[in-house]
Protein chains: 2
Amino acid sequence: MNNALQVGATIGILGGGQLGRMLSIAASRIGLRTHIFDPSANPPASHVTDSVTTASFDDADALRRFAADVDIITYEFENIPTSTLDILETICPIRPGRRALSISQDRLTEKEFLNELGLKTAPYANVTCTSEALQAANDIGTPSILKTRRMGYDGKGQIRLETKSDMLGAWDAMKGAASVLEGFINFSQEISVIAARGVDGQVACYDPSENVHRAGILHSSTVPANLSAAQRMDAIFLSANILNALEYVGVMGVELFVTPTGFIVNEIAPRVHNSGHWTQNGCDICQFEQHIRAVAGWPLADGARHSDIRMENLIGIDIERVSELRSIPAAIHLYGKSEVKPGRKMGHVNFRT
Amino acid sequence: MNNALQVGATIGILGGGQLGRMLSIAASRIGLRTHIFDPSANPPASHVTDSVTTASFDDADALRRFAADVDIITYEFENIPTSTLDILETICPIRPGRRALSISQDRLTEKEFLNELGLKTAPYANVTCTSEALQAANDIGTPSILKTRRMGYDGKGQIRLETKSDMLGAWDAMKGAASVLEGFINFSQEISVIAARGVDGQVACYDPSENVHRAGILHSSTVPANLSAAQRMDAIFLSANILNALEYVGVMGVELFVTPTGFIVNEIAPRVHNSGHWTQNGCDICQFEQHIRAVAGWPLADGARHSDIRMENLIGIDIERVSELRSIPAAIHLYGKSEVKPGRKMGHVNFRT
């Protein structure tokens, strides 16, 4: 394969949280090194990597040194400042590329992109001022959710409107941040597809998982999802369309709502995804290795699944369950975070079902 | 469980080769940190660990600092100098314990221990001088193999005798190193049991693998081995007896020859073992995590296997096979060694069968 990274090459990873940590472990398993760039001291990925740069994403010198030390750059989160990418990209290629990042960094742009592809999204309205806020509440109705266009994750930057009269307070709380108001839709299930696309355009998807959220945070993912064979194929084709349209390279998480009239795309994440953690115990090649293979220019694995798995997140004090979980057949994955906080992802468990 | 290491505790690992590397990855997966002690610069495990001490095994100061920094000490190889253990042990517990080490460091002691347990070994004779050498050649006959009692692995320190007249030259080549002459036995298969024993005395074994050696180095391990159910149980009971007799804590590799009159114990290794690498893709809890669980005082996994696997080692220039292996369904595991040498273990591949 042309331009594939050689064994022993180094992958730079922006962000050293649990996703960076599991990417780093997967890279080392196939003989590649990693260099983690993270602003915080002692991030989870720093325990399992060759090199760490501790610096801010606006430290141009540190970014240049980092980019010069690695053979390819990838990332574990989508909210990377544009100015950071501008500096890195002159020195070293970034995969997945900037188009996927710019689209997924902005809820409005993302929805417009998906609609242009012919995919359905929840009804939405752009909100940049008080008059648009009031108009949106009228157009979309309630219940609905006001979300910041940028920097939201795990339910952060979101306010639920029960009645139209909630809008003024909600918009006030956004402090002028450009937002979208999203209407609710009736769905029977939430599913996601972990899709990958290689440098050569090859696409491989894992079986869709069925996801349950609690308080805006993923609680569990179960594979196989309760879908018909036709639905399964549709979800995979739809996801492949998204990756192809973006000429994407890497793993992407595609979150879908299942409705009586077909799928609605909730969100795309241009990175490995929490709902793909089941692949660590359901497949020989997990989503983390698949992402590393893609950005390294290696051939993708075919996404084959050997086992049925239910993944459960360990959030905050759920970490205390470990003392009981280690006594039963379960694959425990912990992130090495020393401080427990409410809503903080501390680890996950894969149960064979 | 009493005295189990807490999540976030640190395991010290003596030796930073591929076994230390895979132990370190497994430890981090369950939220434990590692500190690698190795005399060489840039050993494979150093790419995936929190802390590295680069120092000789006779550097008392470095050993003391290492022992003070960790919560438990384990090792990836059995040839650790006694003086090293003496220093470490006053500061931090070492698991598996010294009895297993002292027995497995010396082929003669090991055989005597096994025979006392009622287990069969190949016929052998102690050789410490020329007259014993000649007597041994008479008693054991040929073909046979003269092996140093200490420090041998992967066929090193071994000379094959085709006729009795080869003995003087072979003994001369040993340069006075205490040795044993081992007789050949007729066996149909080589198998091994990867057995584990916890702090609480619980024993768990993986299914035996069937192993093929080439030029004294493991070539492949296949699970399940071609054994009857009764043989499988016998191999596991026999292994459990060894671990219990040593009050062992950790994973041990027990190599057996299958003969028409039962099993003959070839060798025991008080550590994770090359013939157990298949567990990384055949089981949810691999031998590396099992070892970490044992030495950390955690409950053991039950050794359940979800898939049939054939493991093949990548030795020396076999590493060049990677460019073809990554295009087929296979789980590739590479050790991050930059220099390729004949006979050097560079990685392994697990094939689902």
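This text gives an overview of the structure that appears in the document. Owing to the predicted nature of the structure, the values given are computational and were not obtained by experimental measurement.

Calculation notes
- Residues numbered from 1 in each chain as written.
- Chains lettered and ligands numbered in written order.
- Predicted model: local features only at pLDDT ≥ 70, side-chain atom pairs only at ≥ 80, totals over all residues.
- Heavy atoms only, no water.
- Buried < 20%, exposed > 50% of the residue type's maximum accessible area, 1.4 Å probe, protein only.
- Helix = DSSP H or I, 4+ residues; strand = E, 2+ residues; numbered from the N terminus.
- Least-squares fit on C-alpha atoms with pLDDT ≥ 70 in both.
- Contact = heavy atoms within 4.5 Å.
- Pairing = 2+ DSSP bridges.
- Axes fitted to C-alpha atoms, helices over the stretch in contact; angles between N-to-C directions.
- Buried area = accessible area lost by both parts, 1.4 Å probe.
- Salt bridge = Lys/Arg side-chain N within 4 Å of Asp/Glu carboxyl O.
- Polar contact = N/O pair within 3.5 Å; in protein donor to acceptor, adjacent residues only side chain to side chain.

### Here's the deal with helix 10 (residues 287-295) of chain A
Residues and elements named next belong to chain A.
Logical step 1: Within helix 10, nine of the nine residues are buried, leaving the element largely enclosed by the surrounding structure.
Logical step 2: Where helix 10 is concerned, the buried positions are Q287, F288, E289, Q290, H291, I292, R293, A294 and V295.
Logical step 3: G297 occupies a position one or two residues after helix 10 and carries a positive phi of about 75 degrees.

### Description of the relation of the copies chain A and chain B
Here the two chain copies are tied together by a rotation about an axis and a shift along that axis.
Logical step 1: Mapping chain A onto chain B calls for a rotation angle of 180 degrees and an axial translation of 0.0 Å; the resulting RMSD is 0.0 Å. On this basis, the relationship between the two copies can be described by a two-fold rotation axis. Residue A:V48, judged by its C-alpha, is the member of chain A lying nearest the rotation axis, at 2.0 Å.
Logical step 2: With an isologous cut-off of 70% or more, the 100% of interface residues of chain A that recur at the interface of chain B puts this contact in the isologous class.

### A few points about the sheet that holds strand 2 (residues 33-38) of chain B
Residues and elements named next belong to chain B.
Logical step 1: Taken together, the four strands give an open sheet; going across it, the order is 3-2-1-4, and neighbouring strands pair in parallel fashion. Since the sheet does not close on itself, it has two edges, and those belong to strand 3 (51-54) and strand 4 (72-75), each with one partner. The sheet shows a mean angle of 25 degrees between the axes of neighbouring strands, direction not considered.
Logical step 2: Where strand 2 meets strand 3, four bridges bridge the pair, whose relative direction is parallel. When the sheet's bridge partners are listed, D38 is paired in strand 3 with T54.
Logical step 3: Sheet contacts for helix 1 (residues 18-29): strand 1 (10-14), strand 2 and strand 4; angle to strand 2, the most-contacted strand, approximately 165 degrees.

### Things to note about the interface of chain A and chain B
Logical step 1: Taken residue by residue, the interface counts 36 residues in chain A and 36 residues in chain B.
Logical step 2: Carbon and sulfur atoms supply 49% of the area buried between chain A and chain B, which totals about 3000 Å² over both sides.
Logical step 3: It is A:H47, A:D284 and A:R326 that lose the most area in chain A upon contact with chain B, and together they represent 21% of the buried surface on that side.
Logical step 4: On inspection of chain A and its partner chain B, the count reaches two salt bridges.
Logical step 5: One salt bridge in this structure joins B:R352 and A:D284, with 2.7 Å as the shortest N-O distance.
Logical step 6: Linking chain A with chain B are 14 residue pairs in polar contact (both at pLDDT 80 or more), by the criterion used here.
Logical step 7: Of all the elements in the fold, those that place two or more residues in the side of chain A that touches chain B are helix 1 (18-29) and strand 16 (331-334) of chain A.

### Brief notes about the pattern of salt bridges
Residues and elements named next belong to chain A.
Logical step 1: One pass over the full model with this rule turns up 34 salt bridges over all chains.
Logical step 2: One salt bridge in this structure joins E289 and R293, with 3.0 Å as the shortest N-O distance. One end of the pair, E289, and the other, R293, are both in helix 10, four residues apart, so they sit about a helical turn from each other.
Logical step 3: Connected through shared salt-bridge partners, R29, E289 and R293 make up one network.

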